[in-house]
Number of protein chains: 2
Amino acid sequence: MTNATLSEPATQRTVIAMGELSTYADAPVLTDALASGARVTLCWRDGAQAHFPLMWLRDNCACQACRHTVTRERLYLPLTPITAAPQASLHDGNLTLVWQDGHVSDFDAGWLHQRRPGQEPAPVIPARRPWAADFAPTSVSHADFAGSAAGERAWLTALLRDGLVLLDEGPLADEEVSRLAERIGPLRPTNFGARFDVRSKPNPNNAAYTAIGLALHTDLPNWRQPPDIQLLYCLENEAEGGESIFADGFAAADTLRRQDPEAFRILSETPIDFRFQDEEQDITTRAPVLSVDHDGQLIEVRFNNWIRDSLRLPAHVIDAWYDAYRQFWQLLHSSEHQLEFALVPGQMVAFDNRRVLHGRRAFDPSTGRRHLQGTYLDLDMLESRLRVLSRPD
Amino acid sequence: MTNATLSEPATQRTVIAMGELSTYADAPVLTDALASGARVTLCWRDGAQAHFPLMWLRDNCACQACRHTVTRERLYLPLTPITAAPQASLHDGNLTLVWQDGHVSDFDAGWLHQRRPGQEPAPVIPARRPWAADFAPTSVSHADFAGSAAGERAWLTALLRDGLVLLDEGPLADEEVSRLAERIGPLRPTNFGARFDVRSKPNPNNAAYTAIGLALHTDLPNWRQPPDIQLLYCLENEAEGGESIFADGFAAADTLRRQDPEAFRILSETPIDFRFQDEEQDITTRAPVLSVDHDGQLIEVRFNNWIRDSLRLPAHVIDAWYDAYRQFWQLLHSSEHQLEFALVPGQMVAFDNRRVLHGRRAFDPSTGRRHLQGTYLDLDMLESRLRVLSRPD
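Residues numbered from 1 in each chain as written. Chains lettered and ligands numbered in written order. Predicted model: local features only at pLDDT ≥ 70, side-chain atom pairs only at ≥ 80, totals over all residues. Heavy atoms only, no water.

Student: Describe the overall build of chain A, listing the residues and the values that go with them.
Tutor: Within chain A one finds nine helices and 23 strands. In summary, chain A has a C-alpha radius of gyration of 27 Å against a globular reference of 21 Å for 393 residues, an excess of more than 25%. Each of the three principal axes of chain A carries a C-alpha extent, and together these read 80 × 55 × 45 Å. Every one of the 393 residues in chain A was classed for burial, and the buried ones make up 59%. Summed over its atoms, the accessible surface of chain A is roughly 15400 Å², and 49% of this surface lies on carbon and sulfur atoms. The average position of the 38 basic charges and that of the 53 acidic charges among the side chains of chain A differ by 2 Å. (Helix = DSSP H or I, 4+ residues; strand = E, 2+ residues; numbered from the N terminus. Rg over C-alpha atoms; globule rule 2.2 N^0.38 Å. Buried < 20%, exposed > 50% of the residue type's maximum accessible area, 1.4 Å probe, protein only. Areas by Shrake-Rupley, 256 points an atom, 1.4 Å probe, with all protein chains shown as cover. Lys, Arg positive; Asp, Glu negative; His and termini not counted. Charge placed at Lys NZ, Arg CZ, Asp CG, Glu CD.)

Here it is as structure tokens:
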């Protein structure tokens, strides 16, 4: 057992570099530290108390030998169990530990306060919120998005929370969608390229490149990792028809789970094949329409009637699967879950392709031009961007 | 009940277009078809028999109204249950169904044979094979890879089966790694770019850009979707040290599961945080070191001591987690699971970043140059490429 040597906390603490770019300096100083057995017990001025395992503290030493000063990456390897209690002392309300081998570790009180075992920091990434019947998407002007961190934060927050957000009053400029996307992260390329044009064209290799109506679907469910976020930027929309439609697949799946748990079970426990083939590609994967995690929480919707492959299931499962699929289809296309509007030139819609289904009404290409440009982004990049924009100035 | 009208199978069958680019023409012709109740029962000349649900058959109609002739995508929507048996007849050993509404569906006998309910086709993608103690990687020459479908197939097959493959005797040409990768699919970009150079450099933002030894790790476990396949092409390797090391993470995890099921359980059931932060990025995700699917099968290893964030777990879990981590570390670094060799200029190693860990010995940059170029590819693209190369000529 080692008693802490207490020193009076200074009003202006020297913040110890912990290799962090996010803040923790506002947290309270330490008032007591006691190393005993396999734990160091710390008390903060706000009354918080926590017991830290020795191994955790040693592993998170932020000195230059234990953490690379430039890359901020951990150099210390926790290969030797730490069993001997260190000498603990407080300096200006921060913690210093001297380990049995003489190694010294300094910890900022606020950093430790944020990382007390079992604690979670206040989340920057918003929780998903299912669409209510009166859901109306958030819209951010192009000027606000491009001109202020607050505008971009609002756009990111709405997209991560609702799975869909609009950008308005953008320029009618070729590739503007790529420029907006690249603020956030690299374009995610697929077999249709890193950036695609949606308009009717001869010899289409995809229904999106025709003028037919597109029922609700998710893109590329035939990939193990379908694109996370889709951006669709409207450059021209003069043709009759062509309204965009969307549905919150998670909200519809929740309704299905309540109304018919057996249908939900079938769609979530029955992997089926999705497949796209052309002269150059044969991309196929096997996954359920509704993916749930180990806790039964919905994590992904794969829904695309065009590239759903023939079911390879025992005959008695097939009829039940079609019944469940039909029910889910009807829920998605019910007014309760569906959103319809016409994109105007200069407007961009962004949506979570693993949650929100999209489609469009048929249009008549003889009545005018319709031209969207689209690309994909990784969700990792959007979350990272929101964290960086949420750092204190 | 509808009895089939039988006609004599022709020796040279006319293959009906089923919207497929892979073959099914060698399969046997049909000898009998009987529509009864909710099933059509089919018999083939090889003695196979199968019962097809009506809905399945209607859903897979490949006529021009039901399947787009150019995109090959399904246009038919299975929204109306099919309950009335069709009229079934055979023509040249293939099946024709006339549905109650008059719609006609033609099916190729071989296509149906391949897709009998509950049947699986012969897999083109090889099963994963864990490294044995005497594992030696397959090596394909650059000339064979670039010059023949057989060479590229051999390379792809070994990579998908073993999780690691070599390419030898390639040119010492800048960007050759990108050219090789782009034969297969678009480069997968990350926060380190679409293509990266591994050599020591000033102000590194990543341990790989220093000369220090790199313990075994997987790349970017702080992404929700870490890169699948990594390619590392050696252009120069004159420095002392710098040998490459690899380990089959799946084989080591299987050993851990056998030796200490509780340690395996802790690493597979305890999500931890991985995090990379610099001025531009803060990319973090929470996932276990060992990910298993709903059947308990291992599907992914995330292992990177540099960007493992501090554990946010109850104190009593933390000690057990470090013990399990240490055990897995030791298994990975045991000679049983580890492979070490020096890459020579013109050689490229490719490996499955979600299965195989990689590292390198420290090198002395004062003794010579060491320069690798790397990129990532999506597994979807490798599997697709192997399927296309396996199509009959």
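Student: Go over the UniProt feature "domain: Gamma-butyrobetaine hydroxylase-like N-terminal" (unreviewed entry) in chain A with me, naming the residues and quoting the values.
Tutor: Per the UniProt entry, the sites bearing "domain: Gamma-butyrobetaine hydroxylase-like N-terminal" (unreviewed entry) are residues 37-113 of chain A in this numbering. As annotated, residues 37-113 of chain A has a helix share of 14% and a strand share of 32%, and its two end C-alpha atoms lie 21 Å apart. (UniProt positions renumbered as here; feature names shortened; annotations may be inferred.)

Student: So what's going on with the pattern of salt bridges? Which residues, and what values?
Tutor: Applying the stated rule across the entire model yields 54 salt bridges over all chains. Across the pair Glu152 of chain A and Arg385 of chain A runs a salt bridge whose closest N-O atoms are separated by 2.5 Å. Residue Glu152 of chain A is located in helix α4 (residues 149-162), and its partner Arg385 of chain A is located in helix α9 (residues 379-389); the two are separated by 233 residues in the primary sequence. Each of the two residues, Glu152 of chain A as well as Arg385 of chain A, counts as buried. Its salt-bridge partner being Asp248 of chain A, residue Arg355 of chain A comes within 2.8 Å of it at the nearest N-O pair. Taken together, the residues Arg355 of chain A in the loop between β20 (348-352) and β21 (356-360) and Asp248 of chain A in strand β14 (residues 244-248) connect sequence positions 107 residues apart. For Arg355 of chain A, a relative accessible area of 2% translates into the label buried. Of the residues examined, Asp248 of chain A reaches a relative accessible area of 0% and is grouped as buried. Through salt bridges that share partners, Glu20 and Arg115 of chain A together with Arg275 and Asp282 of chain B make up one connected network. (Salt bridge = Lys/Arg side-chain N within 4 Å of Asp/Glu carboxyl O.)

Student: Which residues make up the environment of Phe303 of chain B, and what are the values?
Tutor: Residue and element names in this part refer to chain B. On the secondary structure map, Phe303 appears in the loop between β18 (298-301) and α8 (315-332). What makes Phe303 buried here is its relative accessible area of 0%. Here the alpha-carbon distance between Phe303 and Phe274, two residues 29 residues apart in the chain, equals 9.2 Å. What Phe303 contacts, discounting residues up to four positions off in sequence, is Leu216, His217, Thr218, Pro221, Val289, Tyr325, Phe328, Trp329, Leu332 and Leu357. (Contact = heavy atoms within 4.5 Å.)

Student: How would you sum up the sheet that holds strand β8 (residues 139-141) of chain A? Please name residues and give values.
Tutor: All names here are of chain A. In space, the six strands of this open sheet follow the order β8-β9-β20-β12-β23-β10, with mixed pairing throughout. Looking at the sheet topology across the chains shown, the edges are occupied by β8 and β10 (195-198). Shown here is a sheet whose adjacent strand axes are inclined to one another by a mean of 20°, direction ignored. As paired strands, β10 and strand β23 (residues 370-377) are joined by four bridges and run antiparallel to one another. From the neighbouring strand, Asp197 faces β23, where its bridge partner is Gln373. (Pairing = 2+ DSSP bridges. Axes fitted to C-alpha atoms, helices over the stretch in contact; angles between N-to-C directions.)

Student: Give a description of the interface of chain A and chain B that names residues and reports values.
Tutor: Between chain A and chain B, the residue contacts involve 91 residues of the former and 91 residues of the latter. Contact between chain A and chain B buries roughly 7800 Å² in total, counting both sides, with carbon and sulfur atoms accounting for 47%. Linking chain A to chain B there are 12 salt bridges. A salt bridge links Arg224 of chain B to Glu383 of chain A, with the nearest nitrogen and oxygen atoms 2.5 Å apart. There are 49 residue pairs in polar contact (both at pLDDT 80 or more) connecting chain A and chain B. Within the residue set of the side of chain A that touches chain B, elements represented by two or more residues are β4 (49-53), α1 (54-59), α2 (109-114), β15 (272-277), β16 (282-287), α8 (315-332) and α9 of chain A. (Buried area = accessible area lost by both parts, 1.4 Å probe. Polar contact = N/O pair within 3.5 Å; in protein donor to acceptor, adjacent residues only side chain to side chain.)

Student: Let's hear about the relation of the copies chain A and chain B: which residues, and what values?
Tutor: Here chain A sits on chain B after a turn of 180° about the axis and a move of 0.0 Å along it, with an RMSD of 0.1 Å. The superposition operator between the copies reduces to a two-fold rotation axis. A share of 100% of the interface residues of chain A reappears at the interface of chain B, consistent with the copies meeting face to face through the same patch. (Least-squares fit on C-alpha atoms with pLDDT ≥ 70 in both.)

Student: I'd love a proper account of the sheet that holds strand β5 (residues 87-91) of chain A, names of residues and values included.
Tutor: Residues and elements named next belong to chain A. Here we have three strands laid out as an open sheet, ordered β5-β6-β7, and antiparallel in their pairing. Looking at which strands have only one partner, the edges of the open sheet turn out to be β5 and β7 (104-107). Across the sheet, the axes of successive neighbouring strands diverge by a mean angle of 20°, strand direction being ignored.

Student: Any chance you could break down the packing of α4 of chain A against α9 of chain A for me, citing the residues and the numbers?
Tutor: Residue and element names in this part refer to chain A. The interhelical angle for the contact between α4 and α9, taken along N-to-C directions, is 140°, at an axis separation of 10 Å. When the axis of α4 is compared with that of α9, the two are oblique. You can see that α4 and α9 cross each other, and the crossing is left-handed. For the pair α4 and α9, contact is made by Ala149, Glu152, Arg153, Trp155, Leu156, Thr157, Leu159 and Leu160 and by Leu379, Leu382, Glu383, Arg385, Leu386 and Leu389, respectively. Counted by class, the contact of α4 with α9 contains nine nonpolar, one polar and four charged residues. (Parallel < 35°, antiparallel > 145°, perpendicular 65-115°, else oblique. Left-handed = near helix turned anticlockwise from the far one by under 90°. Nonpolar A, V, L, I, M, F, W, Y, C, P; charged D, E, K, R; others polar.)

Student: So what about the packing of aromatic side chains? Which residues, and what values?
Tutor: All names here are of chain A. Applying the stated rule across the entire model yields 32 aromatic pairs over all chains. Residues Trp131 and Phe135 carry aromatic rings whose centres are separated by 4.5 Å and whose planes lie at 15° to one another, so their mutual orientation is stacked. In this pair, the class of Trp131 matches that of Phe135, namely buried. Ring centres of Phe192 and Phe276 lie 5.4 Å apart, and the angle between their planes is 70°; on these two criteria the pair is classed as edge-to-face. Taken as a pair, Phe192 in the loop between α5 (176-184) and β10 and Phe276 in strand β15 lie far apart in primary sequence, 84 residues in all. No difference in accessibility class separates Phe192 from Phe276, as the two residues are buried. Seen from the ring of Trp44, Arg116 lies directly overhead, with NZ or CZ sitting 5.8 Å from the centre. (Phe/Tyr/Trp six-rings, centres within 6.5 Å; stacked < 30°, edge-to-face > 60°. Lys NZ or Arg CZ within 6 Å of the ring centre and 35° of its normal.)

Student: Requested: an account of the side chain of Glu300 of chain A, with residues and values cited.
Tutor: Along the polypeptide, Glu300 of chain A turns up in strand β18 (residues 298-301). Here Arg354 of chain A takes part through its side chain, which lies 3.4 Å from a polar atom of the side chain of Glu300 of chain A.

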